[in-house]
2 protein chains.
Amino acid sequence: MSEMVKVAVDAMGGDNAPVEIVKGVMEALQESDDVFVYLVGLEDAIKEELKKYQYDESRIEVVHASEVIETAEPPVMAIRRKKESSIVKALYMVKDGTCDAFVSAGSSGAILVGGQLIVGRIKGVERAPLAPIIPTENGMALLIDCGANVDAKSNNLVQFAKMGSIYCENALGIKNPRVAIVNIGAEEEKGNALVKETFPKLKECEGINFIGSIEARDIPAGAADVIVCEAFVGNVILKLYEGTATALVRQIKKGLMSTLKSKIGAALCLPALKKTLKTFNTEEYGGAPLLGLNGLVVKTHGSSKAIEVKNSILQCKVFKEQRINDRIREQLAIGNE
Amino acid sequence: MSEMVKVAVDAMGGDNAPVEIVKGVMEALQESDDVFVYLVGLEDAIKEELKKYQYDESRIEVVHASEVIETAEPPVMAIRRKKESSIVKALYMVKDGTCDAFVSAGSSGAILVGGQLIVGRIKGVERAPLAPIIPTENGMALLIDCGANVDAKSNNLVQFAKMGSIYCENALGIKNPRVAIVNIGAEEEKGNALVKETFPKLKECEGINFIGSIEARDIPAGAADVIVCEAFVGNVILKLYEGTATALVRQIKKGLMSTLKSKIGAALCLPALKKTLKTFNTEEYGGAPLLGLNGLVVKTHGSSKAIEVKNSILQCKVFKEQRINDRIREQLAIGNE
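Since we're looking at a predicted model, the values are computed, not measured. (Residues numbered from 1 in each chain as written. Chains lettered and ligands numbered in written order. Predicted model: local features only at pLDDT ≥ 70, side-chain atom pairs only at ≥ 80, totals over all residues. Heavy atoms only, no water.)

A.B. asks: What exactly am I supposed to notice about the nonpolar core here?
C.D. replies: One broad trend across soluble globular proteins is that nonpolar side chains are buried collectively. L39 of chain A together with L39 of chain B are the most contacted members of the largest nonpolar core, which totals 177 residues. Once residues within four sequence positions are removed from consideration, L39 of chain A is found in contact with V9, A11, I21, V22, V25, I46, L50, I60, E61, V62 and V63 of chain A. (Core = buried A, V, L, I, M, F, W, Y, C linked by side-chain atoms within 4.5 Å. Buried < 20%, exposed > 50% of the residue type's maximum accessible area, 1.4 Å probe, protein only. Contact = heavy atoms within 4.5 Å.)

Listed below in structure tokens is the structure:
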């Protein structure tokens, strides 16, 4: 048996809390023997939910948190004021070593701000990027950064490239991952000021497999494994990716239901279509890690169902087993010399 | 009969020149009596192509241009050195009033640089944005800016909003178009430095229907009509939009062909599916206008087929009929007082 990984899970975060959160925890415990979960949130609500299940009580502990941070609250204020919230309490548990990681479907802003303020960054890490996994035609890619640091500097992006490579290789199992920077053309002289400044630094950066610029149109086809960009652009990419896929699938369904003939055809196609669309479903990959912290913080979609919660917990296990943070410490220490 | 619109068409631009270009010109002439076309490029190649058609010779003039600007050439240098290229010659024809507009599927960089350098901007316009039309679930939206001006300032974005509104209302026929700025959250305090600076200016801007921020995920659903952003972000949106749709459709087709049952189903669905996907086809809308110039320059996809060339030529007709440039002059003059 490998080492136990202890994960704090935000029982109050997201649209489907606590029902889907607790369900996801149960599925994670079933799938792995090496997971211990702290369910953090309103004790009564959690215990009520737990009654539905039969489980090994030695592997779950409920930690009461009397406050809840709402999605719309200004993050910095929420973190400072709501000391008794599930997010703040769980982040302190990561900081003091009570647990290895924290998984939450709650307020992105509060998690990002709280992660940096409470858990703190690894020495040498200037900014902690949020790095969601996005599905591509030939598997998946890591998009880094995606929401934590708007108006980043070129040195930040170089660190994102290094941390992203480490995560991609060791947590996702992609050997010698291809690192590319998001740009508006393939040539080195293209780009805005930030990209032009970052490109030569990435070219000279040791320990990563930099393949140059990537145009946004080539992202879905899987032209790179680690896609480096500043957070505003990353956020646009992530959300547009999801929005376009959703809109297109909705329109296709509408098209399929438009005539009697197409309805019959749709019934025959459905199993094959579902299988295809499943590969484009981000829930399969778990949440987005906030990298470069003294611990692990994973942000899942606000709309997370049990499957994403489960996968995010198992992701924490891999993160610990693969010693991702030790590797980041080693790499960034070399890079900073 | 309305006034004649004279359009210079780059016979050498794009992957399918001159075949699809000349074909598109023929279709435009057939569809409208009010169009006169200058076909600019290598005379022999154009005349060879023209032999295939029967047409009214009084409505086409071939203008010989001995040089061709390749897509990979650095734009500024190409515009300065290749005075005999189709792009440079046609842009001078717009400048000196020989024609009203120029349509090209050639080098984006050369067209954008040449448009500003040769044709020149309307007095008061600081930067000329490229504004492609993107399909949405309930019609279309104008994405402005999309490639002409990286690292734009907030005042530029305010002008983009104004010009985009005018174009959207008068050329696309969308009454009182909803203007939104691309952001990473719906709240006013969200965003990078540029968006935070631009947001209040848009809020105070008269003559536009500013509805606030738009998150990228809401673009495909059609949550705004004029989508304002700086060019780097716009370029990412445009290309990712196309790339995601292409990848998804490719995967769906693969899924449909994966089993015998799904193949039979696919055959039944195909007509309905094709109709759906056609609404997401940008070629139906013509090319992207470069707004704010003393004339009109339209950039079509490098892969343009005849239909996009035809629609782009007809777009020039609407542009002239609707006096878009007069309206921009009036609005921006008010805005600059």
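Having put the structure on the table, let's press on.
A.B. asks: It is not clear to me how empty space enclosed by the protein should be interpreted in this structure. Could you clarify?
C.D. replies: Empty space among the atoms can be located by rolling a probe the size of a water molecule over them. All names here are of chain A. Summed over the entire model, instances satisfying the criterion amount to 1 cavity of 30 Å³ or more. A volume near 30 Å³ is recorded for the largest cavity. When contributions to the lining of the largest cavity are tallied by element, the ones reaching two or more residues are β1 (5–10) and β4 (101–104). (1 Å grid on protein atoms, 1.4 Å probe; cavity = no way out; pocket = protein on both sides within 12 Å on 5 of 7 lines; lining within 4 Å. Points joined across faces, edges and corners; volume = space filled by probe spheres on them. Helix = DSSP H or I, 4+ residues; strand = E, 2+ residues; numbered from the N terminus.)

A.B. asks: I tried to follow the packing of aromatic side chains on my own but got confused; where do I start?
C.D. replies: Any pair of aromatic rings gets described here by the distance separating the centres and the angle formed by the planes. Scanning the entire structure with this criterion turns up 6 aromatic pairs over all chains. Consider the rings of F36 of chain A and Y38 of chain A, whose centres lie 5.0 Å apart with planes at 70°: the pair is edge-to-face. Overall, F36 of chain A belongs to the buried group, its relative accessible area being 13%. With a relative accessible area of 10%, Y38 of chain A lands in the buried category. Pairing Y167 of chain B with F319 of chain B gives two aromatic rings, centres 6.1 Å apart and planes at 45°, and the pair type is tilted. Of this pair, Y167 of chain B sits in helix α6 (residues 154–170) while F319 of chain B sits in helix α10 (residues 306–321), and the two are 152 residues apart along the sequence. There is no split in this pair, since Y167 of chain B and F319 of chain B are both buried. (Phe/Tyr/Trp six-rings, centres within 6.5 Å; stacked < 30°, edge-to-face > 60°.)

A.B. asks: It is not clear to me how the sheet that holds strand β8 (residues 209–215) of chain A should be interpreted in this structure. Could you clarify?
C.D. replies: Residues and elements named next belong to chain A. Reading across from one edge, β5-β6-β9-β7-β8 is the order of the 5 strands in this open sheet, with mixed pairing throughout. A strand with exactly one partner marks an edge of an open sheet, and here the two such strands are β5 (133–136) and β8. The average undirected angle you get between the axes of adjacent strands in this sheet is 30°. Relative to strand β9 (residues 226–228), strand β7 (residues 178–183) runs parallel, the two sharing 3 bridges. Of the residues in β9, the one forming a bridge with A180 is I227. Running over the sheet, helix α7 (residues 193–204) touches β7 and β8 and is turned about 165° from β7. (Pairing = 2+ DSSP bridges. Axes fitted to C-alpha atoms, helices over the stretch in contact; angles between N-to-C directions.)

A.B. asks: What is the right way to look at the sheet that holds strand β11 (residues 296–299) of chain A in this model?
C.D. replies: Strand pairing in a sheet takes place through backbone hydrogen bonds and is either antiparallel or parallel in direction. Residues and elements named next belong to chain A. Pairing is mixed in the open sheet, where 6 strands are placed in the order β3-β2-β1-β4-β11-β10. One side of each edge strand has no neighbouring strand; the edge strands of this open sheet are β3 (60–64) and β10 (288–290). Across this sheet, the average inter-strand angle for adjacent strands is 25°, counted without regard to direction. With 4 bridges joining them, β4 and β11 adopt parallel strand pairing. The residue of β11 that forms the bridge with S104 is K299. Sitting on the sheet, helix α4 (residues 86–95) touches β1, β2 (35–41), β3, β4 and β11, and the angle it makes with β4 is about 160°. Contacting β4, β10 and β11, helix α5 (residues 108–119) runs over the sheet at an angle of about 175° to β11.

A.B. asks: Would you mind going over the environment of V298 of chain B with me for this structure?
C.D. replies: Residues and elements named next belong to chain B. On the secondary structure map, V298 appears in strand β11 (residues 296–299). Each C-alpha atom of the pair V298 and V309 lies 9.9 Å from the other, and the pair is 11 residues apart in sequence. Ignoring any residue separated from it by four or fewer positions in sequence, one finds V298 in contact with F102, V103, S104, G287, A288, P289, S312, Q315 and C316.

A.B. asks: Explain the pairing of strand β7 (residues 178–183) of chain B here, please?
C.D. replies: For a regular strand, side-chain orientation follows a simple rule: the groups alternate between the two sheet faces. Among the 6 residues in β7 of chain B, 5 count as buried, and that is most of the element. A crossover links β7 of chain B with its parallel partner strand β8 (residues 209–215) of chain B, the connecting element being helix α7 (residues 193–204) of chain B, and its sense is right-handed. (Right-handed = clockwise from strand over helix to strand, strands pointing away.)

A.B. asks: Where do I start with the interface of chain A and chain B in this structure?
C.D. replies: Much of the literature gives interface size as the accessible area that the parts lose upon coming together. If you look at the interface, chain A gives 50 residues, while chain B gives 50 residues. Summed over both partners, the interface of chain A with chain B buries about 4,800 Å², with 74% contributed by carbon and sulfur atoms. Along the contact surface separating chain A from chain B lie 5 salt bridges. Between R250 of chain B and E137 of chain A there is a salt bridge, with its nearest N and O atoms 2.4 Å apart. Taken together, chain A and chain B are joined by 10 residue pairs in polar contact (both at pLDDT 80 or more). Among the residues making up the side of chain A that touches chain B, the classes are represented as 30 nonpolar, 12 polar and 8 charged. (Buried area = accessible area lost by both parts, 1.4 Å probe. Salt bridge = Lys/Arg side-chain N within 4 Å of Asp/Glu carboxyl O. Polar contact = N/O pair within 3.5 Å; in protein donor to acceptor, adjacent residues only side chain to side chain. Nonpolar A, V, L, I, M, F, W, Y, C, P; charged D, E, K, R; others polar.)

Spatial relationships are all this shows, so hold off on functional conclusions.
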